[in-house]
Amino acid sequence: MRQITYHIHRYNEGRSYVQSYSFDYEPDRTIFFCLQKIKDTQDPTLTFIAACRSAVCGACSVQVNGQAMLACESKIDDITARFGSDEITIAPIGNFDVIRDLAVNWENKVNRLREVAPWIFAKPELSRKDGTRQTPADFKKFVMNTECILCGCCSSECNKLAANREDFLDPFMYTKANRFVLDSRDDAPMAHVNPAFEHGLWKCVHCMNCITRCPKHLKPEQDISNLRNVATKAGLT
């Protein structure tokens, strides 16, 4: 009987190690299914985060064979075929502080996200009663950016963050900032651009990993480019 072996990076109270688990192959299963099966049948101490199981919440992101992806939508069949092996290594996403096993700490990331003001500064004509009209063309400018689910896959693969997390925001933060810069209902685009500029906007190394690993096919590097364009026109260089 074919078996799949999972080498899982564990972390608990300062101790890091790799623990392996094996069980019979089942077709059309996901990484999340396998993690849950390990927890249910072999090791209840295994810690990971998951919620929706539908690639909507972004909570289950992990590194599989060194590549960030959502556990709930990543099929074992695809991974074993791609890497040509029935052994799979699972680790927490990169460029995050690990709490335990595959669970990472988002607190600092969320605090930094607030700096780019990821909300609308409403134009005067916007009201609770009448709202604000927006053309389909204006809506189309930013609608893709609303697909960001804060999974952290782009951050995990970012070479700039790997070198220094302190002087550069996570790629998804620039995507969130640009989403509101592009929104015709927003009355203060520089409220999003200025903090992005002050936190490493020009330090992106263009590795493009944020694009290749995004499960929603977003393009943070292009958001960075647009923010740079707006910043330059405003005299920020």
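Just above sits the structure.
Residues numbered from 1 in each chain as written. Predicted model: local features only at pLDDT ≥ 70, side-chain atom pairs only at ≥ 80, totals over all residues. Heavy atoms only, no water.

Draft legend 1. Region of interest: helix H7 (residues 171–181). The element H7 is extensively covered by neighbouring structure, given that 11 of its 11 residues are classed as buried. Along H7, the residues classified as buried are Pro171, Phe172, Met173, Tyr174, Thr175, Lys176, Ala177, Asn178, Arg179, Phe180 and Val181. (Buried < 20%, exposed > 50% of the residue type's maximum accessible area, 1.4 Å probe, protein only. Helix = DSSP H or I, 4+ residues; strand = E, 2+ residues; numbered from the N terminus.)

Draft legend 2. Layout of the sheet that holds strand E1 (residues 3–12). Reading across from one edge, E2-E1-E5-E3-E4 is the order of the 5 strands in this open sheet, with mixed pairing throughout. In the strand order of this sheet, the two ends are held by strand E2 (15–24) and strand E4 (67–70), each with one partner. The sheet shows a mean angle of 30° between the axes of neighbouring strands, taken without regard to direction. By the bridge criterion, 4 bridges tie strand E3 (residues 61–64) to E4 in an arrangement that is antiparallel. Within E4, the position partnered with Gln63 by the bridge is Ala68. Most of the contacts of helix H2 (residues 76–83) go to E4, to which it runs at about 160°, and overall it touches E1, E3, E4 and strand E5 (87–91). (Pairing = 2+ DSSP bridges. Axes fitted to C-alpha atoms, helices over the stretch in contact; angles between N-to-C directions. Contact = heavy atoms within 4.5 Å.)

Draft legend 3. Broad picture of the packing of aromatic side chains. Tallying each qualifying case throughout the model produces 7 aromatic pairs. Aromatic ring contacts, followed pair by pair, group Phe96, Trp106 and Phe172 into a single cluster. Lying over the aromatic face of Tyr25, Arg2 brings its terminal NZ or CZ to 4.2 Å of the ring centre. A cation over a ring is seen here: Arg29 above Phe33, with NZ or CZ 4.1 Å from the ring centre. (Phe/Tyr/Trp six-rings, centres within 6.5 Å; stacked < 30°, edge-to-face > 60°. Lys NZ or Arg CZ within 6 Å of the ring centre and 35° of its normal.)

Draft legend 4. The packing of helix H8 (residues 190–198) against helix H10 (residues 220–233), seen in detail. Across the interface, H8 lies against H10 with an axial gap of 10 Å and an inter-helix angle of 100°. Here H8 lies roughly perpendicular to H10, going by the angle between them. Contacts between H8 and H10 involve Met190, Val193 and Ala196 on the former and, on the latter, Leu227, Val230 and Ala231. Its residues assigned to classes, the contact of H8 with H10 shows 6 nonpolar, no polar and no charged. (Parallel < 35°, antiparallel > 145°, perpendicular 65-115°, else oblique. Nonpolar A, V, L, I, M, F, W, Y, C, P; charged D, E, K, R; others polar.)

Draft legend 5. Looking closely at the environment of Phe142. Turning to its location among the elements, Phe142 is positioned in helix H4 (residues 136–142). C-alpha separation for the pair Phe142 and Asn178, spaced 36 residues apart in sequence, amounts to 8.0 Å.

Draft legend 6. Inspection of the packing of H7 against H10 at higher detail. Orientation of H7 relative to H10, taken along the N-to-C sense of each, is 55°, at an axis distance of 8 Å. When the axis of H7 is compared with that of H10, the two are oblique. For the element pair H7 and H10, the recorded crossing hand is left-handed. Within the contact between the two elements, H7 uses Pro171, Tyr174, Thr175, Ala177, Asn178 and Val181 and H10 uses Pro220, Asp223, Ile224, Asn226, Leu227 and Val230. When its residues are assigned to classes, the contact of H7 with H10 shows 8 nonpolar, 3 polar and 1 charged. (Left-handed = near helix turned anticlockwise from the far one by under 90°.)

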